[in-house]
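Architecture and fold: a report
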Amino acid sequence: MAKQSLSFALEPRASANLDDYVVECAWSPDGKSLAVGGGEGKVALARFTAGQLSLATVGEHLLGTLAVAWQPHGGLFASSGQDGALTLWDGAAGREKLRLKPAPTPTQALAWAPDGAMLASAAGKGVTLWSSLGEKIHAFAPAASTAVALSFDKPGTDLGVALNGEICVHRVEKSRYETRRYKWPAACLTVNFSGNGRFLATGMADGSLHFWNRSTAKDSQMRGYDGRLELTGFSDNSRYLASSAGLEVVLWDFGGKGPEGTKPIVLNGHTERVDSFAWQPGGEHLVSAGRDWRITLWRPGKTTQPIDVQMGDAEYSVVRWSPDGKYLVAGEKKGRLTVFELVAR
């Protein structure tokens, strides 16, 4: 039974169906539109207005969509897929503006710089920077392995790339392309900068969490996960790093002297594997969702018990907060998309 003492809950407001496995969702900056990617290839645009959710398919990537990302402060969104294409879309008109082919391999990851002026794409071993007009700004030298994840730091001056055996951080400030390498002999699956810029973290294929203090380059490792650690993410205030490789969400506290030598906070609220989680922008809430058809609302730092649980109709594949932290969209593997509102009780 969910604990209700902290007086917040998620209430469903609207739903729509994609008719495809929901791989990823990305909110527009004003919280009124959503770009949606489907596992069988659909690219859709959803509108959330006056409590109603409408959805229309606007295009596709043959063999499957792998990533969607909405431009910060702008009206474009980008999608990429197994077909190797990188497509820029007009989010207002819902039509394709430009289709690029960075490489003959799938374009597996996308990341916008925080100011929305630059888009990074990863295709095979190559990482490329594009302007919002689709012009190639810079192509980094091919890495020794496939780039599996991308992330900009908060100022947008550093781009992190997850590779086999290292996190590669490219400095992209004022056309300077210096590279710093954070090495560890295992496959890195994720890359996250803390919002305060102090730490760089990655989930590893060997079932461990690795992080570096960026000012001292001192590194640390946390073990004990059940398998490949594919979910990691810092809270908006940089206090906690959440991680999950199974039924639990594990939080490491980066306040004070940091997590070394401490025990993590373990959140138990699922009976099957967690496939997605998301921290609330500007807030303290964390949401997790997964294969038990369950969305669980947490408030770490206040309680380790769920403060609300919502049951769906199928396994959840992705959850994402709106930029203002008031709404949450949840995508299911059966294609259903539901918008919840965070309400005080």
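Refer to the structure above for everything that follows.
These numbers were taken from a predicted model, which means no experiment stands behind them.

Looking now at the environment of Val191. In this structure, Val191 sits in the loop between β16 (178–187) and β17 (192–193). For Val191, a relative accessible area of 5% puts it in the buried group. In this structure the C-alpha to C-alpha distance between Val191 and Leu231, which are 40 residues apart in sequence, comes to 9.7 Å. The residues touching Val191, leaving out its near neighbours within four places in the chain, are Ala149, Leu150, Ser151, Gly160, Val161, Ala162, Ile167, Leu200 and Ala201.

Turning to the sheet that holds strand β23 (residues 248–253), a few remarks are in order. The four strands lie next to each other as β21-β22-β23-β24, forming an open sheet whose pairing is antiparallel. Two strands close off the open sheet at either side, each with one partner strand: β21 (231–234) and β24 (265–268). Neighbour to neighbour, the strand axes of the sheet diverge by 20° on average, direction disregarded. With four bridges connecting them, strand β22 (residues 240–244) and β23 associate as antiparallel partners. Bridge pairing links Ser243 to Val250 in β23.

One non-glycine residue, His73, lies in positive phi territory at about 65°. Note on His73: relative accessible area 69%, which makes it exposed. Within the chain, Trp293 stands out as a residue other than glycine whose phi angle is a positive 65°. As for its position among the elements, Trp293 is in the loop between β26 (286–290) and β27 (294–298).

Neither face of strand β14 (residues 149–152) is open: one carries Ala149 and Ser151, the other Leu150 and Phe152, and all of them are buried. For β14 and strand β15 (residues 158–171), the ladder comprises four bridges, and the chain directions are antiparallel. Bridge pairing in β15 links Phe152 to Leu159. Linking β14 back to β15 in an antiparallel pair, the connection comprises five residues, with Gly156 at a positive phi of about 80°.

What counts as what
Residues numbered from 1 in each chain as written. Predicted model: local features only at pLDDT ≥ 70, side-chain atom pairs only at ≥ 80, totals over all residues. Heavy atoms only, no water. Helix = DSSP H or I, 4+ residues; strand = E, 2+ residues; numbered from the N terminus. Buried < 20%, exposed > 50% of the residue type's maximum accessible area, 1.4 Å probe, protein only. Contact = heavy atoms within 4.5 Å. Pairing = 2+ DSSP bridges. Axes fitted to C-alpha atoms, helices over the stretch in contact; angles between N-to-C directions.

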